[in-house]
Amino acid sequence: VFFANSGAEAVECAIKVARRYHAKQGSPERYRLVTFEGAFHGRTLATMAAGGQAKHLEGFGPPVGGFDQVEAGDSGAVDAAIGEATAGVLIEPIMGEGGMREVSWPFLRDLRALCDAKGILLLLDEVQTGIGRTGRLFAHEWAGITPDVMAVAKGLGSGFPVGACLTTEEVGLSMTAGSHG
């Protein structure tokens with residue numbers, strides 16, 4: 001667990017963890033993430049780029065690279081977007097920008113299976129949905145999956161500015177003191 005001041009910082013950490021994990025595995029070329037149209041991941045330069053929405057990116061210069069956006073719910077599009085440089089898939093289990101848009105549990109299960117088959121990481125942005133806000137501790141539990149990396153925040157602090165990036169033990173081993181920075 002890496003504690004941060006916000007959800008955006010927790011998601012930023014998740015992005016960095018995915019890149020660092022593959023670099024430590026001997027595949028530094030794997031840095032790209034598949035993300036989804038209409039997503040919102042925060043207001044840092046990288047998290048705005050991950051969300052890909054023009055209204056958030058406008059006026060901040062060229063977007064940070066490394067994000068390939070596809071339509072949520074389309075497993076074929078995700079599979080087609082995965083290449084040799086893909087480190088993982090980043091998604092909110094319920095997309096909160098522009099209303100609450102649920103991602104189907106079968107689609108989340110498909111993403112887990114696809115990530116496993118391709119040797120890439122599944123990153124979940126549970127900033128809005130985590131810590132009991134959907135009736136389970138985490139929204140992904142409804143789908144019966146486990147992410148490799150997860151960002152949480154809003155429910156964690158109940159209004160206090162705190163976020164956290166959690167990883168599996170295997171993925172977390174790639175991060176060492178000072179590498180979260």
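Anything mentioned here points back to the structure above.
Chains are numbered independently. Their residues run from 1 in the order of the written sequence. Whole-chain, interface and lining totals are the exception, using all residues; otherwise, since this is a predicted model, local features are given only for residues with pLDDT of at least 70 and side-chain atom pairs are given and counted only at 80 or more. Based on all heavy atoms of the structure, the side-chain values leave hydrogens and waters out of the count.

**Student:** Can you break down the sheet that holds strand β8 (residues 149–152) residue by residue, with the values?
**Tutor:** Backbone-to-backbone hydrogen bonds pair the strands of a sheet. The strands run either parallel or antiparallel. Should DSSP find at least two bridges between two strands, the strands are taken to pair. Strands are runs of DSSP state E lasting at least two residues, helices are runs of H or I lasting at least four, and both sets are numbered from the N terminus onward. Taken in spatial order, the seven strands make up an open sheet running β1-β9-β8-β7-β4-β2-β3, and their pairing is mixed. Across the chains shown, the open sheet's two edge strands, defined by having one partner strand only, are β1 (2–4) and β3 (67–70). Put simply, the sheet's adjacent strands are angled 20° from each other on average, direction ignored. Bridge analysis of β8 against strand β9 (residues 163–167) gives four bridges, and the strand direction is antiparallel. Opposite Val149, over in β9, you have Thr167 as the bridge partner. Contacts: residue pairs with any heavy atoms within 4.5 Å of one another. To obtain each axis, a line is fitted to C-alpha atoms, and for helices this fit is confined to the stretch in contact; angles are then taken between N-to-C directions over 0 to 180 degrees. The sheet contacts of helix α5 (residues 105–118) involve β2 (32–36), β4 (86–91) and β7 (121–126), and relative to β4 the element is tilted by about 165°.

**Student:** Got a sec to walk through a nonpolar patch on the surface? Specific residues and values, please.
**Tutor:** Here, patches come from residues exposed beyond 30% relative accessible area and free of salt bridges, joined within 9 Å for like charges and within 5 Å for nonpolar side chains (Val, Leu, Ile, Met, Phe, Trp, Tyr). In these tables, accessible area is a Shrake-Rupley quantity obtained with a 1.4 Å probe, and a residue counts as shielded only by the protein chains included in the view. Here a salt bridge means any side-chain nitrogen of Lys or Arg lying within 4 Å of a carboxyl oxygen belonging to Asp or Glu. A grouping of Val1, Phe3, Ile131, Leu137 and Leu156 is seen on the molecular surface, where their side chains present a nonpolar patch of about 470 Å² in accessible area. Note that Val1 resides in the segment before β1.

**Student:** Could you give an account of α5, naming the residues involved and the relevant values?
**Tutor:** For α5, spanning 14 residues, the distance from its first C-alpha to its last is 20 Å, which sits close to the expected 20 Å at 1.5 Å a residue. Only protein chains enter the accessibility calculation, which uses a 1.4 Å probe. A residue is then buried if its area is under 20% of the maximum for its type, exposed if over 50%, and partly exposed in between. Turning to α5, its buried residues are Phe107, Leu108, Leu111, Arg112, Leu114 and Cys115. What you see down the axis of α5 is that its buried residues fit within an arc of 165°, all on one side. Facing away from the buried side of α5 by more than 90 degrees, the exposed set consists of Asp116 and Ala117. Under the convention used throughout, the expected extent of a helix is 1.5 Å for every residue step, that is, one less than its residue count. What the arc describes is the spread of directions from the helix axis to the C-beta atoms.

**Student:** Mind laying out the pattern of salt bridges, listing which residues take part and the relevant values?
**Tutor:** If you walk through the whole model with that rule in mind, you get four salt bridges. The partner of Asp68 in a salt bridge is Arg32, with the nearest N and O atoms 2.7 Å apart. One end of the pair, Asp68, is in strand β3; the other, Arg32, is in strand β2, with 36 residues separating them in the sequence. The partly exposed category is assigned to Arg32, whose relative accessible area is 22%. Between Arg112 and Asp116 there is a salt bridge whose closest N-O contact spans 2.8 Å. With Arg112 and Asp116 both in helix α5 and four residues apart, this pair spans about one turn of that helix. One salt-bridge network, held together by shared partners, links Arg112, Asp116 and Asp148.

**Student:** Give me the lowdown on the side chain of Glu92, citing residues and values where you can.
**Tutor:** Looking at the secondary structure, you find Glu92 in the loop between β4 and β5 (94–95). For Glu92, a relative accessible area of 4% puts it in the buried group. The term polar contact refers here to a pair of N or O atoms within 3.5 Å; inside protein, the definition further demands a hydrogen-donor-capable atom paired with an acceptor-capable atom, and it admits residues adjacent in sequence only when both atoms are side-chain atoms. Here Phe40 takes part through its backbone nitrogen, which lies 3.3 Å from a polar atom of the side chain of Glu92. For Glu92, the contacting residues outside a window of four places in its chain are Ala39, Phe40, His41, Val103, Asp125 and Gln128.

**Student:** How would you sum up the side chain of Asp148? Please name residues and give values.
**Tutor:** In this fold, Asp148 is placed in the loop between β7 and β8. On the accessibility criterion, Asp148 (12% relative accessible area) is buried. Within polar-contact distance, the side chain of Asp148 engages the backbone nitrogen of Leu122 at 2.8 Å.

**Student:** Account for the environment of Leu121, with residues named and values stated.
**Tutor:** Position of Leu121 relative to the elements: it lies in strand β7. With a relative accessible area of 4%, Leu121 lands in the buried category. Residues Leu121 and Ala87, spaced 34 residues apart in sequence, show a C-alpha to C-alpha distance of 6.3 Å.

**Student:** Lay out the pairing of β4 with the relevant residues and their values.
**Tutor:** Looking down a regular strand, the side chains alternate between one sheet face and the other. Extensive coverage of β4 is indicated by the burial of six of its six residues. Note: β2 against β4, three bridges, orientation parallel. Among the inter-strand pairings, Arg32 is bridged to a residue of β4, identified as Thr86. By the bridge criterion, four bridges tie β4 to β7 in an arrangement that is parallel. Following the sheet pairing, Leu90 is matched in β7 by Leu123.

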